[in-house]
Amino acid sequence: SLGAPVCDLEPGGIAASRPDTLDKLKLCPALTEAQQDALNALLLSGDTAHGHPSSWDLQTLQDLGPLVLALNQTTLSLVPEAAREDFRRSIAVSSISQGRSERENSLLLLRALAAAAAPSHPRPKRSEDRCQSEPITSSNIFDVVFLTPEELDLCLSSKVLIENLEEVLDLPVSTESFPVLKEKVDQFFPSGIPEEQLRRLGWLSRLYTEQEISKWSVTSSDTLSALLNPSGGEWKDSQVQQLLSRYLALGGSLTGSLLQEIGSHHLCNLQEGQIQQIPAGAMGTAGQLNISSCSQTKKELFYEKAKEAFASMASSPGSYYCQIRPYLGGAPAEDLKDLANAGGAINMDLATFLTLNPEELQKLSVTDVKNLLGKNLPELKEAEHEPLVQSWVQQQSQWELDCVLGIGLHGGRPEPTGTASPAGATTAASVTSPVPTTPNSVTSGVTVTSPVPTTPDSVTSGVTVTSPVPTT
């Protein structure tokens, strides 16, 4: 009934409380040393739902949860060794599917359990050249999580590591032990890691330098795919470039699935020469690749590859647009005009429009943009403050923006002063203007008829205006 205050119980209160108090103690962030002693005394009495420690199994230890960390050597020594071993293995296996923070917690739990189960008598001083504890074998491979880097170096042979590499890499090994594992792999393959073994490196592959990667034998797309698998963690850009350079130098080809595995971030870090080596067919099977963060030059290279890959669909504007859309940031104005006037509405979405090359967009007319956006044209008004849109608007005639688009965009070029509005209507008007005469002549008013501009909503009939004509 106390709830959270049970964590403040005096040791005597724990020993005298009901057996189900244990479930409440599991919620306590930490127990004092005196509380832990009282907890062990309660468990040793056997007067709990868990029974006497000598009868515990794996399920009992799992039910105790965080209270396992409070068990002392006396209590643990009574737990059957098989149950302790099964418990350690279950923690190690469950850590495989956990996130980084959860794996760290599992590692702490395993180490705490190992420390609590350690013999109470002092451990003999370890020799500097041999393992003082039980050597690691395939049967006790999970024990690597309990070893310090120094112990791991002495107690784990390179042969056992290679035989159980996947299992070891799935365990929550401390980061301090990473270099030890890498060194043991290199020791086992002094002439270089065979290609079939490269596929097994997992996160360990991320520890290799660009110079070391340049010596790898990466000839198969399966090997490259295994190395690029995101489950192994993040690669550095320079490592990926070196890995791909090595693969291509050995005759490898970038397939659609490999392009997907390289990922949008590393795609843009490919060298221009590497992009040019991508087969057009690979672009056709790669799905939607994100090149939005690439340089303009690389966008143009990817676009040309995609254009070649989807050329057979160009006669169907809608289908062609769906495939070419991710790469239009590298399209020239001529291709954009062709797409706009292909005879079928593509209804380009605004997000794609905003990724177009600004220099090429300036070459598009108001009608081109209207045809490109189609039913999505009103959305352009919402983006009128985007630099890309503003610079394009400033190059267009305001009259065309008003009368062709009609979505309220402002900032275009005004019509030249005195130019008749194309919407106006006029008729001829007679105007008499001064006419110079020759000497000794007298000229009366001469009627000269010329057009007179009118306002769009007015119609003017012929008017005769007579002005005095100077005479000599």
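Look up a bit, the structure's there.
Computed from a prediction, not measured in an experiment: that's the story for all the values here. Throughout, residues of each chain are indexed from 1 in the direction in which the sequence is written. In keeping with the predicted nature of the model, local features appear solely for residues at pLDDT of at least 70, side-chain atom pairs appear and are counted solely at 80 or more, and the whole-chain, interface and lining totals rest on all residues. For side-chain calculations, the full set of non-hydrogen atoms in the structure is used, while hydrogens and water are omitted.

> I'd like a rundown of a negative patch on the surface, residues and numbers included.
Residues form patches when they are more than 30% accessible in relative terms and have no salt bridge. Like charges link within 9 Å. Nonpolar side chains (Val, Leu, Ile, Met, Phe, Trp, Tyr) link within 5 Å. Residue-level accessible areas treat just the shown protein chains as cover; the underlying method is Shrake-Rupley with a 1.4 Å probe. Salt bridges are counted wherever a side-chain nitrogen of Lys or Arg sits within 4 Å of a carboxyl oxygen of Asp or Glu. The charge count treats Lys and Arg as positive and Asp and Glu as negative. His and the chain ends do not count. To locate a charge, take NZ of a lysine, CZ of an arginine, CG of an aspartate or CD of a glutamate. Judged by side-chain charge, Glu300, Glu304, Glu308 and Glu359 come together as a negatively charged surface patch. The element contributing the most residues to the negative patch is helix H19 (residues 296–309), with 3 residues. Secondary structure elements are taken from DSSP: a helix is a run of H or I of four residues or more, a strand is a run of E of two residues or more, and numbering for both begins at the N terminus. Its place among the elements puts glutamate 359 in helix H23 (residues 358–361).

> Explain the packing of helix H21 (residues 333–340) against helix H24 (residues 366–373) residue by residue, including any values.
The description of two packed helices rests on the angle between their axes and on the distance between the axes. With their axes 8 Å apart at the nearest point, H21 and H24 run at an angle of 60° to one another. Relative to H24, the element H21 lies oblique. Here H21 runs over H24; the crossing is left-handed. Counted together, Leu336, Lys337, Leu339 and Ala340 of H21 and Asp368, Asn371 and Leu372 of H24 form the full contact between these two elements. All amino acids are sorted into three groups, where Ala, Val, Leu, Ile, Met, Phe, Trp, Tyr, Cys and Pro are nonpolar, Asp, Glu, Lys and Arg are charged, and the leftover types, Gly among them, are polar. Across the contact of H21 with H24, the residue classes tally to 4 nonpolar, 1 polar and 2 charged. Here the axes come from fitting lines to C-alpha atoms, over the contacting stretch only for helices, and the angles between their N-to-C directions go from 0 to 180 degrees. What sets the label is the angle itself: under 35 degrees gives roughly parallel, over 145 gives roughly antiparallel, 65 to 115 gives roughly perpendicular, and the rest give oblique. The crossing is said to be left-handed when, going from far helix to near helix, the turn is anticlockwise and less than a right angle, and right-handed when the turn is clockwise. Contact definition: two residues touch when any of their heavy atoms are within 4.5 Å.

> Explain unusual backbone geometry to me, using residue names and the numbers behind them.
Unlike most non-glycine residues, asparagine 347 shows phi in positive territory, near 50°. By the element assignment, asparagine 347 lies in the loop between H21 and helix H22 (350–353).

> Describe the packing of aromatic side chains, naming the residues involved and giving the relevant values.
Pairing of aromatic rings covers Phe, Tyr and Trp, the last counted by its six-membered ring, and requires centre-to-centre distances within 6.5 Å; plane angles under 30 degrees mean stacked, over 60 mean edge-to-face, and any other angle means tilted. In this structure the tally under the stated criterion is 3 aromatic pairs. Seen from their ring centres, phenylalanine 178 and tryptophan 203 are 4.2 Å apart, and the 40° between their planes marks the pair as tilted. Here the residue phenylalanine 178 occupies a position in helix H11 (residues 178–188), and tryptophan 203 occupies one in the loop between helix H12 (195–198) and helix H13 (210–213), the gap between them amounting to 25 residues. An angle of 90° between the planes, with centres 5.1 Å apart, marks the rings of phenylalanine 188 and phenylalanine 189 as edge-to-face. Each residue is placed in one exposure class: buried if its accessible area under a 1.4 Å probe, protein chains only, is under 20% of its type's maximum, exposed if it is over 50%, and partly exposed if it falls in between. We classify phenylalanine 188 as partly exposed; its relative accessible area is 36%. Phenylalanine 189 sits in the buried class, given a relative accessible area of 14%. If you follow lysine 182 out to its NZ or CZ, it ends over the ring of tyrosine 208, 4.4 Å from the centre. A positively charged side chain is recorded as over a ring if its NZ (Lys) or CZ (Arg) lies within 6 Å of the ring centre. The angle to the ring normal must also be within 35 degrees.

> With reference to specific residues and values, describe the packing of helix H14 (residues 221–228) against helix H16 (residues 256–267).
Taken N-terminus to C-terminus, the directions of H14 and H16 make an angle of 20°; their axes are 10 Å apart at the nearest point. Considering their axes alone, H14 and H16 lie roughly parallel with respect to each other. Where H14 crosses over H16, the handedness of that crossing is left-handed. Packed against H14, whose contacting residues are Ser221, Leu224, Ser225 and Leu228, the element H16 presents Leu258, Glu261 and Ile262 at the interface. Of the residues assigned to the contact of H14 with H16, the class counts are 4 nonpolar, 2 polar and 1 charged.

> How would you explain the nonpolar core if you had to name every residue and give the values?
Within the largest apolar cluster, 93 residues are counted, with the highest numbers of intra-cluster contacts made by Trp216, Leu259, Leu328, Phe353, Leu380 and Trp392. Excluding anything up to four places from it in sequence, leucine 259 contacts Leu254, Leu267, Ile278, Ala282, Met283, Ala286 and Leu289. To form a nonpolar core, buried Ala, Val, Leu, Ile, Met, Phe, Trp, Tyr and Cys residues must be joined to one another through side-chain atoms within 4.5 Å. If you look at the next biggest cluster of nonpolar residues, it comprises 23 residues, including Cys7, Leu39, Leu67 and Ala83.

> So what about H14? Which residues, and what values?
For H14, the full list of buried residues reads Thr223, Leu224, Ser225, Leu227 and Leu228. Summarising the contacts, the buried residues of H14 are in contact with H12, helix H15 (237–249) and H16. For H14, the N-terminal capping position is held by serine 220, with its side-chain oxygen 3.0 Å away from the main-chain nitrogen of aspartate 222. Any N or O atom pair separated by 3.5 Å or less is treated as a polar contact, with the protein-specific requirement of one donor-capable and one acceptor-capable atom, and with residues adjacent in sequence counted only for side-chain atom pairs.

> Which residues make up the pattern of salt bridges, and what values go with them?
Oppositely charged side chains can pair when the atoms bearing their charge come close. Tallying each qualifying case throughout the model produces 9 salt bridges. For lysine 182, the salt bridge identified is with glutamate 212, shortest N-O distance 3.2 Å. Here the residue lysine 182 occupies a position in helix H11, and glutamate 212 occupies one in helix H13, the gap between them amounting to 30 residues. Owing to a relative accessible area of 27%, glutamate 212 belongs among the partly exposed residues under this scheme. Between lysine 337 and aspartate 368 there is a salt bridge, with the nearest N and O atoms lying 2.5 Å from each other. With lysine 337 in helix H21 and aspartate 368 in helix H24, this residue pair connects regions lying 31 residues apart in the sequence. For lysine 337, a relative accessible area of 29% corresponds to the partly exposed category. Classification of aspartate 368 by relative accessible area gives buried; the value is 6%. One salt-bridge network, in which partners are shared between bridges, spans Lys182, Asp186 and Glu212.

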